[in-house]
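Listed below, chain by chain, are the residues.
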Amino acid sequence: MELIPGLSLDLGLQAWAIWILPFVAALILPAVGKASKRATGWVAIAFALASALCAVSLLPGALEAQEVHDQVNWISSIGIKAGVLADPLAVIMANVVGWIAFLIIVYSTGYMKGDKDIVRFWFWMMFFIGSMQIIVLSDNLLMMFFGWEGVGLASYALIGFWYRDKAKDHVGVQGRKVLGLMDYYSPTHAGMKAFIMTKVGDIMMLSGMFLIFAFAGTFGFRELMHDTAWATSMQAQGLLVPAAVLLFGGAIGKSAQFPLNEWLLEAMTGPTAVSALIHAATMVKAGVFLVARIGPLFFALAAAGFALDQFFMVIAWVGAITAILLATQGMVNPEIKKVLAYSTGSQIGYMMLALGVAGLSKQFVDGYTAGFFHLISHAMFKASLFMAAGSLLHVVGSRFMTDMGGLRKHMKKTYAFMWAAGLGLMGAPFITTGFWSKDAIFAAVYESGSEWALPLFAIAVLTAVITAFYTTRMIGMVFFGDKSKHIEHMEKEGHHVHEAPLSMWVPYGILAALTIGIGVIGLTAEHGIHELFTEYLAHTFHIESAHVEAESGIGIPFLEGINPVALGASLAAFAIGAGLGYVFYIGRFVDPVKFVNSNIFFYSLHKVILNRWYLNAMVYWCFVVAPLWLARGVWRYFEKTAIDAGMNMGVERAVGWSAKVVQKTQTGVAQSYLYVFGAGILFVVLFLFI
Amino acid sequence: MEFALLQAVFLPLLLAPVAYILGRKVGPTAATWFTFGLLLYCTFLVISVALSGNYEEHYTWTKLFGEFGFKLDGLAIPFAVIIYVLSTILALYSKPYMIHKFKEFFEEHAHDHSSESGAGQSTALVESSAMTSYVNHQSGLYFALYLVFAMGMLGTVLATNLIEFYIFFEVMLIPGFFLVAFWGDGPRRRISLMFLFWTHAGAVVLLLGFLTIGLNVGSFDFTAIQESKIPSDVVMLAAVAIVIGLGVKLAAFVFHIWLPYVHGAAPTPISALLSPAMIGIGAYGIFRLIIEFLPNQYAEMALWLHIWGLATMIYGGAMALMQDDMKRLLAYSSISQMGYILFGIGSYSTLGLAGAEMMYVTHGLGKALLFMTAGVLIVQVGSRSLSKLGGLAGKMPITAVCGVIGALTIIGVPPTSGFMGEWTLFYGALETAIKDHAATGSVLRMVTFGLGLVATVLTMSYMLWMLKRVFFGKLPENLSHVKEASWYMTAPMMVLAGFTIVVGLYPDIFFNDIIPYMKGVLGA
């Protein structure tokens, strides 16, 4: 525990408080809710703010690469300790989570106003935030897993928040079938799907954890770094790479990466504030954070001569595949929240890609910084976009973009903020955080020197084109063109489209402004993080980065140190994607429906993408329909016949006579039972003490 | 405290007639609170003794069998505590459930009677007083049997002598049989006989094993048993007999025939005791008799137990998926959970064994909660068929929360105690797998470990699906009148729900006892 002069608070305590406070709030909220439902919102806001402030108080130390590490005894019989580890990585992440969560909580007071189950909502929101902060701050894998399952549980509860399964809370199009299976899901189904699919990742993570624990005898991140003899013996038995990859399996599940990505779409059944939280601050970011947490450890091992290339290769490829796979689907989906969900998965893929190539390159810190910087910028603009989408849903009363249209005159603020945040997602050059972080990823991939650098780079750039396209499409469909029939119908009935209330637009306004505001000084910000992480990695993991003079052939002073190829690629990607989007959806020079139907290739491609590359249907066929079918077969032809009819009936005949005897005793008169019973007790007592 | 365990075991037996008389003369409330108070006192005795660490009591018995003793050590403490905590709490829960049941029976009888005589013109007053006296009689009998059932279970895990163990093992069977036969659902007599037959058959096989050991060693006292004294050609036979006898109790795969019937049909508070507390005693037996007393035989059969456990896990889980009756689903789930315990027993490592015992604790808490949930549904809704339920979370929030916590405990989600059992258990399995792999290059245990983890996903699937069909989704129109259950039912559930979270956050409550014991038996 350290004390910083001028700050009289014990920093260890603050680090604990960051995650404990939300849980305290969750515990007292039901009681508060009994007294006054209105007060619950204020309690939630107060605790979220307090937690975020605790995170801020750690920031000065963290920016100087200090760390706070504080442990207490937990399961002493196995020698496991619980602890908080507030190093620069954790503190920055805790701030991102804390502040974005705080803004979302403020937004929720408007969005969830009047919901009769509001107490349950706050409970799970605070539980969610607390669990995420455990993941961020815990100093060992086991405690992290508590948070890990905590966010899974909270997501189950919040995705299925509207558990009454009303038609308006479903996602998908009713009646639409893919490979014979419905593509229309209720909130409770979606919650279950999310929980079970992420659990598949979790069991992989558990196996990875166990493998490491079996050799190292500890779950602690610092302890694992301190003495790496475990890695030697694991390597000897050929288990080091499997353990690392299994650990990454947890991140695949939680961050909705390929092949465990299919839950993310249905997660849109939750209230939009929840979607914002899941996508920006908690849950899916947990996977990236896990990789950021363990990545340096494995890189340090790799630098010490362990063969871990395969591990980083897996991360990079999973990221790249997810990025493009989900981005393509974002182009065609008609539901605004689903477009954003696809976009999240795809952007997380970018982060994984960056962290993966970091391990493959000589300059670990480049990719590492790029991935983490993208996490921060994505958290801001995606939270903003989701909250804005929530406003749209709130106002229009439909999740389909085809039910919107022409809204720019009626919701000017939302329109402006959505553009700002959307530009961040598209990576609009030089003024958005998204541009800088994405450019850093391109550069890291391009410069990594890995044998797969070029294909990965090509996928990343293609994804950027698609991203720019679908973002423009989304904004075009919602705000441009004519009003949809749905809105006209609403207006006829006297519901006028209006701007969202103050408590809602302020939070996403702030984040949209930050996307641009930090974007303007983006390069400086990136350099700051880069320096901090260089020092952090060198200090904690002994990963020294050679100070390479970047090839700066551009000659423009403020672009010093930027890779020209990466820069050119990002500019081109933005221009092509946004341009196409403009042609189809803003300028509306070409009708996209006619265009798709114009030839068989586009038509089939559109269909395959709209059917989610048939992946979702395949998951259901293989892991739901087939096992149930199998279980039914065993039930019918084994349990009911061989076991039940065979053994039980056979025995029953044999003991038939005893049944007759017993039937005689069933006189129905309690008194006679009592005599028999009393005699029995007497018998037993006598027998015991003869 | 002198005679603490003697009191804890025999007070319920000796005072059972008092419960009967109280019920008959005063009414179900008095019998309930008497039973509760008595068991609470006994629970405190057990816990206070357990806090002081290992503890033994010995009393002279017969020359023939040896000493009559009670022993509370690291192995027995978690079993004993869970058995009595559940028994105590479920006594309160029994009251509304059993009164509901008695009234149902009374009306059945009355209906039969009136249709037989063809008159059926009895006035409401007569009927209500007849009903009261019927309920009083029945509740007295119920609580008397209940007390004996509880003491039988406790006696088994405290016994220090093979014959004593066997007697208690049978003592818990007899009241169990009557409880099912009198107040079960469906064809209860047939089912109770099935229960009696299968578990008794198991017990006889067990007794054969005991006799083999006892006659060879020359004493039935636990302290006298030494593996080396038994001729090598019969010792394995004895071990197998014991494992099969206990396997029937555990309802391990193939011997699970009786369990879905019995646990589905038993009155719900009894299901909540049978399912987690009683069948798990089979696991206690394996720990005590095989792992502790016959370590060499254990070493030989560990892998088989492991695989048997895996098969039970997966089979029980798959069958649970197919159920529509909630109590039957829970019964199959219990089979699957017993598979986890066997899986852990077969892991042959300290943490795996500790995890297996922890599974008993968490399964006790979680499954009791779930059966209690089912009981609430039976009383408040009148149905336990999953296809007829749905959307009840809004109607009965406390039950829903407790039921969900119970399900999470079974699934093994932190911060419930289930996770603490599960991670240690699977870690233990992996530890041995790694050792095997390093020593012989065999990946068999790696595969079983992986399949075991996959089975946890299966567990999660049937549990969440069950929750969805009971508490979430659309509320059927005929259920719009449903109300939350009385405090007699919800308060016990809340206590257990709190307990499972406390254990999940601070498992040392039980691990402090379990782990040193397991280290001792494995010689690690």
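These figures come from a predicted structure and were not determined experimentally.

What about the overall build of chain B?
Across its full length, chain B holds 19 helices and 2 strands. By its C-alpha atoms, chain B is 80 × 55 × 40 Å across when sized along the principal axes. For chain B, the residues scored as buried account for 68% of the 524 residues in total. Of the roughly 15800 Å² of accessible surface on chain B, a fraction of 66% belongs to carbon and sulfur atoms. With 26 positive and 29 negative side-chain charges, chain B shows a spacing of 9 Å between the two charge centroids.

A few points about the pairing of strand E3 (residues 171-178) of chain A
Residues and elements named next belong to chain A. Note that E3 and strand E4 (residues 181-185) share 4 bridges and pair antiparallel. Pairing of Val-171 across the sheet is with Tyr-185, part of E4. Once E3 ends, the chain turns through 2 residues before running back antiparallel as E4, passing Leu-179 with a positive phi of about 50 degrees.

Focus: the confidence of the model for chain A
Residue and element names in this part refer to chain A. In the predicted model, chain A carries a mean pLDDT of 86, and the fraction of residues at 70 or more is 90%. Scored below 50 in pLDDT, residues 1-8 shows 13 contacts in the model against residues more than four places distant or in partner chains. Here residues 549-553 is a poorly scored stretch, pLDDT under 50, and it has 5 contacts once near neighbours within four places are set aside; other chains count.

Overview of the pairing of strand E2 (residues 68-72) of chain B
Here is the key point about a regular strand: its side chains alternate between the two faces of the sheet. Residues and elements named next belong to chain B. Taking burial as the measure, the 5 residues of E2 include 4 buried ones, the bulk of the element. Strand direction decides the pairing type here: strand E1 (residues 55-59) and E2, joined by 5 bridges, are antiparallel. In the sheet register, Tyr-55 faces E2, and the bridge partner there is Leu-72.

With respect to the pattern of salt bridges
This model, assessed by the stated rule, comprises 23 salt bridges over all chains. As a salt-bridge pair, Lys338(A) and Glu335(A) come within 3.6 Å of each other at their nearest N and O atoms. Judged by its relative accessible area of 3%, Glu335(A) falls in the buried class. Here Arg384(B) makes a salt bridge to Asp185(B), at a shortest N to O gap of 2.7 Å. A residue pair is termed long-range when its members are at least 10 positions apart, and Arg384(B) in the loop between helix H14 (350-381) and helix H15 (397-411) and Asp185(B) in the loop between helix H6 (162-183) and helix H7 (188-217) qualify at 199 residues. The two residues Arg384(B) and Asp185(B) agree in class, both being buried. It is possible to trace a salt-bridge network through shared partners that takes in Arg176(A), Asp183(A), Lys193(A), Glu262(A), Glu266(A) and Arg612(A).

Side note on the interface of chain A and chain B
Counting from both sides, the interface comprises 66 residues of chain A and, opposite them, 81 residues of chain B. Each partner contributes to the roughly 6500 Å² buried at the junction of chain A and chain B, and carbon and sulfur atoms together form 75% of this total. Viewed at the interface, chain B and chain A are joined by 0 salt bridges. Viewed at the interface, chain B and chain A are joined by 11 residue pairs in polar contact (both at pLDDT 80 or more). Counting only elements with at least two residues in the side of chain A that touches chain B, the list comes to strand E1 (68-75), helix H5 (141-159), helix H6 (187-216), helix H25 (615-654), helix H26 (656-665) and helix H27 (670-689) of chain A.

What about the nonpolar core?
Core analysis: the largest hydrophobic core is formed by 476 residues, its most contacted members being Phe298(A), Leu72(B) and Trp423(B). Excluding residues that lie within four positions of it along the chain, Trp423(B) makes contacts with Ile75(A), Ile78(A), Ile80(A), Leu142(A), Phe210(A) and Phe219(A). Counting residues in hydrophobic clusters, the runner-up holds 6 residues, among them Leu423(A), Ala428(A), Phe574(A) and Ala578(A).

What about unusual backbone geometry?
Residues and elements named next belong to chain A. At the junction of Phe-258 and Pro-259, the peptide bond is cis and its omega measures out at 5 degrees in the coordinates. Positive phi outside glycine occurs at Asp-165, with the angle close to 55 degrees. Take Asp-165: it is sitting in the loop between H5 and E3. Judged by relative accessible area, Asp-165 falls into the buried class, the value being 6%. At Phe-430, a position not held by glycine, the phi torsion is positive, near 70 degrees. With relative accessibility at 29%, the residue Phe-430 sits in the partly exposed group.

Observations regarding H15(B)
All names here are of chain B. Its 15 residues place the ends of H15 21 Å apart at the C-alpha level, agreeing with the 21 Å of an ideal helix rising 1.5 Å per residue. With 12 of its 15 residues buried, H15 lies for the most part within the structure. Taken as a whole, H15 has its buried residues at Thr-399, Ala-400, Cys-402, Gly-403, Val-404, Ile-405, Gly-406, Ala-407, Leu-408, Thr-409, Ile-410 and Ile-411. Positive phi shows up at Gly-412, right after H15, with a value of about 90 degrees.

Parameters at a glance
- Residues numbered from 1 in each chain as written.
- Chains lettered and ligands numbered in written order.
- Predicted model: local features only at pLDDT ≥ 70, side-chain atom pairs only at ≥ 80, totals over all residues.
- Heavy atoms only, no water.
- Helix = DSSP H or I, 4+ residues; strand = E, 2+ residues; numbered from the N terminus.
- Buried < 20%, exposed > 50% of the residue type's maximum accessible area, 1.4 Å probe, protein only.
- Areas by Shrake-Rupley, 256 points an atom, 1.4 Å probe, with all protein chains shown as cover.
- Lys, Arg positive; Asp, Glu negative; His and termini not counted.
- Charge placed at Lys NZ, Arg CZ, Asp CG, Glu CD.
- Pairing = 2+ DSSP bridges.
- pLDDT = per-residue confidence, 0-100.
- Contact = heavy atoms within 4.5 Å.
- Salt bridge = Lys/Arg side-chain N within 4 Å of Asp/Glu carboxyl O.
- Buried area = accessible area lost by both parts, 1.4 Å probe.
- Polar contact = N/O pair within 3.5 Å; in protein donor to acceptor, adjacent residues only side chain to side chain.
- Core = buried A, V, L, I, M, F, W, Y, C linked by side-chain atoms within 4.5 Å.
- Expected span 1.5 Å × (residues − 1).

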